[in-house]
Amino acid sequence: MLNGYAYIERKEKLKAKIPELDIAYRSLIGDREEQQDCFGVFQNEKGTFAIVCDGMGGMEAGSLASRVAVQIFAREIAHFREEAPAESMLDILDRMDYSVYRKGQEKNIRTGTTAVFIYLREEKLYWCSVGDSRLYICRGNRMVSATRDHNYDLKLERMRREGTISQKEYLAEHGKGGRLLSYVGIKGIRIRDILREPFILQKEDVLILCSDGLYKNVREQQIQEIVCSRSNMEACALALEEKVQLNASRQRDNTTFIMIKKK
């Protein structure tokens, strides 16, 4: 498994294995007592895989949940089916969900984690997410979020579209919806984002997988400006790290991000 520390030790070896990609990362503890994020970047004969998990701070043993999820991910990609990438990602997600849930049962605790992960082979990109960790895609001077936050705000949006709440009620409740409706370890994930047809990457495209600590501490506009103004991913990662560290106006959550640029 490549967690924050193991990845540092294997960084140059990883880059040598994936010469067509420029990869950088950070995993910061912020003002918290424990690092509940876990992440990994892997490559085998089937392609490149990356994952970010954010253990849920409102539950017990969030760090345990994120670590178990990444361990299962690392194990299961050996059995990944290239001919059915979306189905393979869903299979991995189900195994992650069951493993985290069972670990909580073994320790008699309730625990869970978000997860966002990708599979990349040549120019074909697939992704899957649960919770509020995100995948951003940067192309040229634009950056878009490819995933949704699976929280109460998502439910409010659906209720507004269906007409079960008024616009006034929606506005009164919107912004209060940080509580997650879906996560790994819930035992039966019902809400998740999965890309079934490949997104075709172009040269110079940048992917950002991140926990919520990044976009809650650094505005999306600032993230976009940093990524679009620097060609080197390590320079981008350093600039984003500085932005997170300088933001002292509010409590800083654990912050983890992986940046992958197609050369």
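Structure shown above.
Thresholds, definitions, all that
- Residues numbered from 1 in each chain as written.
- Predicted model: local features only at pLDDT ≥ 70, side-chain atom pairs only at ≥ 80, totals over all residues.
- Heavy atoms only, no water.
- Helix = DSSP H or I, 4+ residues; strand = E, 2+ residues; numbered from the N terminus.
- Buried < 20%, exposed > 50% of the residue type's maximum accessible area, 1.4 Å probe, protein only.
- Contact = heavy atoms within 4.5 Å.
- Areas by Shrake-Rupley, 256 points an atom, 1.4 Å probe, with all protein chains shown as cover.
- Polar contact = N/O pair within 3.5 Å; in protein donor to acceptor, adjacent residues only side chain to side chain.
- Salt bridge = Lys/Arg side-chain N within 4 Å of Asp/Glu carboxyl O.
- Axes fitted to C-alpha atoms, helices over the stretch in contact; angles between N-to-C directions.
- Parallel < 35°, antiparallel > 145°, perpendicular 65-115°, else oblique.
- Left-handed = near helix turned anticlockwise from the far one by under 90°.
- Nonpolar A, V, L, I, M, F, W, Y, C, P; charged D, E, K, R; others polar.
- Pairing = 2+ DSSP bridges.

1. Concerning the overall build of the protein
The secondary structure content of the protein amounts to nine helices and eleven strands. The buried share of the protein, taken over its 263 residues, is 54%. Contacts in the protein between residues at least 24 apart in sequence constitute 72% of all its contacts with a sequence separation of at least 6. Accessible area of the protein: about 12,800 Å², with a carbon and sulfur share of 46%.

2. Some points on the side chain of N254
Here N254 lies in the loop between helix 9 (233-246) and strand 11 (255-262). Owing to a relative accessible area of 2%, N254 belongs among the buried residues under this scheme. Within the local environment of N254, its side chain forms a polar contact with the backbone oxygen of I29, the two atoms lying 2.8 Å apart. Within the local environment of N254, its side chain forms a polar contact with the backbone oxygen of E34, the two atoms lying 3.1 Å apart.

3. Some points on the side chain of R26
Examined against the element boundaries, R26 turns out to sit in strand 1 (residues 21-28). Of the residues examined, R26 reaches a relative accessible area of 14% and is grouped as buried. Only 2.7 Å separates the side chain of R26 from the side chain of E241, close enough to count as a polar contact. With residues near it in sequence (within four places) discarded, R26 still touches E234, A237, L238, E241, T255, T256 and F257.

4. Considering the pattern of salt bridges
Counted according to the given criterion, the structure contains 16 salt bridges. Between D205 and R139 there is a salt bridge, with the nearest N and O atoms lying 2.7 Å from each other. Placement of D205 in the loop between strand 9 (199-200) and strand 10 (206-210) and of R139 in strand 6 (residues 134-139) is noted, with a sequence separation of 66 residues between them. According to the relative accessible area criterion, R139 is partly exposed, its value standing at 31%. Two residues, E204 and K261, come together in a salt bridge whose shortest N-O distance is 2.9 Å. You can see E204 sitting in the loop between strand 9 and strand 10 and its partner K261 sitting in strand 11, a full 57 residues away along the chain. Relative accessible area serves as the criterion here: at 44%, E204 is assigned to the partly exposed category. Residues participating in the shared-partner salt-bridge network are R26, E234 and E241.

5. Structural notes on the packing of helix 3 (residues 62-76) against helix 4 (residues 85-106)
In contact at an axis separation of 9 Å, helix 3 and helix 4 are set at 140° when each is read in the N-to-C sense. One element, helix 3, and the other, helix 4, form an angle in the oblique class. Considering how the two elements wind past one another, helix 3 and helix 4 form a crossing that is right-handed. Contact residues: helix 3 offers L64, A65, V68, A69, I72, F73 and E76, while helix 4 offers I92, R95, M96, S99, V100 and K103. Among the residues forming the contact of helix 3 with helix 4, the class breakdown is nine nonpolar, one polar and three charged.

6. A look at the packing of helix 8 (residues 220-229) against helix 9
Two numbers describe how helix 8 lies on helix 9: the axes approach to 9 Å, and their chain directions differ by 155°. Between helix 8 and helix 9, the angle is such that the two are roughly antiparallel. Helix 8 and helix 9 meet at a crossing whose hand is right-handed. Of the residues in helix 9, those touching helix 8 at Q222, I223, I226 and V227 are C236, A239, L240 and K243.

7. What to know about the sheet that holds strand 1
Taken in spatial order, the five strands line up as 1-11-10-6-7 in an open sheet, and their pairing is antiparallel. Two strands in the sheet have a free side with no partner beyond their single neighbour: strand 1 and strand 7 (142-145). In this sheet, adjacent strand axes meet at a mean angle of 15° when their direction is disregarded. Across five bridges, strand 10 lies against strand 11 in antiparallel orientation. Counted as the bridge partner of V206 is K261 from strand 11. Each of strand 6, strand 7, strand 10 and strand 11 is contacted by helix 8, which is oriented at about 130° to strand 7, the strand it contacts most. Taken strand by strand, helix 9 contacts strand 1, strand 10 and strand 11, and its axis lies near 20° from that of strand 1.

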